Amino acid sequence: VELTEKHVQEARVKAMVELTEKHVAARDEVEEDVKLMKSLFRSQSKDKYKTKADVLRSIWAELPKYLGKPVPPVDEELLADMEQIPAVQEGEFRHNWGIADKLYK
């Protein structure tokens, strides 16, 4: 099969169009994920939850809505242990790697 310059040029154009479309789609998908992650990090609140137990109680209260059935109660010993752990660790609250639009050296 003899390839002419015209066929080669058409193949190059098709390949470039396809690669560009895939790149743009992947870039947009990543950017949407970044926006979601930033909104998650920005939603942090020091005042809402004081301990890890508070966080667990909140999650446990929401679970039945998503599972469509009631959930068993949380183990009291586990909650007692988690009461000793602060919900927000020092240096983790609203970390700039999670919320900043631009990071500089």
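Up top is the structure.
Residues numbered from 1 in each chain as written. Predicted model: local features only at pLDDT ≥ 70, side-chain atom pairs only at ≥ 80, totals over all residues. Heavy atoms only, no water.

Asks: Just give me the short version of the overall build of the protein, but keep the residues and values in it.
Replies: The helix and strand inventory of the protein stands at four helices and zero strands. Ordered by position from N to C terminus, the α and β elements of the protein give α-α-α-α. Evaluated residue by residue, the protein yields a buried proportion of 9% over its 105 residues. Put simply, 70% of the contacts in the protein that link residues at least 6 apart link residues at least 24 apart. Carbon and sulfur atoms make up 59% of the accessible area of the protein, which totals about 9300 Å². (Helix = DSSP H or I, 4+ residues; strand = E, 2+ residues; numbered from the N terminus. Buried < 20%, exposed > 50% of the residue type's maximum accessible area, 1.4 Å probe, protein only. Contact = heavy atoms within 4.5 Å. Areas by Shrake-Rupley, 256 points an atom, 1.4 Å probe, with all protein chains shown as cover.)

Asks: Just give me the short version of the environment of Lys-50, but keep the residues and values in it.
Replies: Its location among the elements puts Lys-50 in the loop between α1 (5–42) and α2 (52–67). Those residues in contact with Lys-50, other than ones at most four positions away along the chain, are Ile-85, Pro-86 and Ala-87.

Asks: Explain a negative patch on the surface residue by residue, including any values.
Replies: A surface patch of negative charge is lined by Asp-75, Glu-76, Glu-77 and Asp-81. Note on placement: Asp-75 falls in the loop between α2 and α3 (76–82). (Patch = residues over 30% accessible without salt bridge, like charges linked within 9 Å, V, L, I, M, F, W, Y side chains within 5 Å. Salt bridge = Lys/Arg side-chain N within 4 Å of Asp/Glu carboxyl O. Lys, Arg positive; Asp, Glu negative; His and termini not counted. Charge placed at Lys NZ, Arg CZ, Asp CG, Glu CD.)

Asks: Outline α2, supporting the account with residue identities and numerical values.
Replies: The end-to-end C-alpha separation of α2 is 22 Å, in line with the 22 Å expected for 16 residues at 1.5 Å each. At Ala-61, α2 shows its maximal kink, close to 25 degrees; a proline, Pro-64, follows between one and four residues later. Two residues or fewer past α2, Gly-68 is found with a positive phi of approximately 80 degrees. (Expected span 1.5 Å × (residues − 1). Bend = angle between axes of the 7 residues up to and from the residue.)

Asks: Residues and numbers for the pattern of salt bridges, please.
Replies: Taken as a whole and judged by the stated rule, the model has six salt bridges. For Glu-32, the salt bridge identified is with Lys-35, shortest N-O distance 3.9 Å. Of this pair, Glu-32 and Lys-35 both sit in helix α1, three residues apart, roughly one helical turn. When its relative accessible area of 47% is taken as the criterion, Glu-32 is described as partly exposed. Judged by its relative accessible area of 48%, Lys-35 falls in the partly exposed class. We note a salt bridge from Arg-57 to Asp-54, for which the minimum N-O separation is 3.1 Å. Of this pair, Arg-57 and Asp-54 are both found in helix α2, three residues apart, which corresponds to roughly one turn of the helix. Take Asp-54: its relative accessible area is 23%, and that puts it in the partly exposed class. A cluster of three or more residues bridged by salt bridges with shared partners is formed by Asp-54, Arg-57 and Glu-83.

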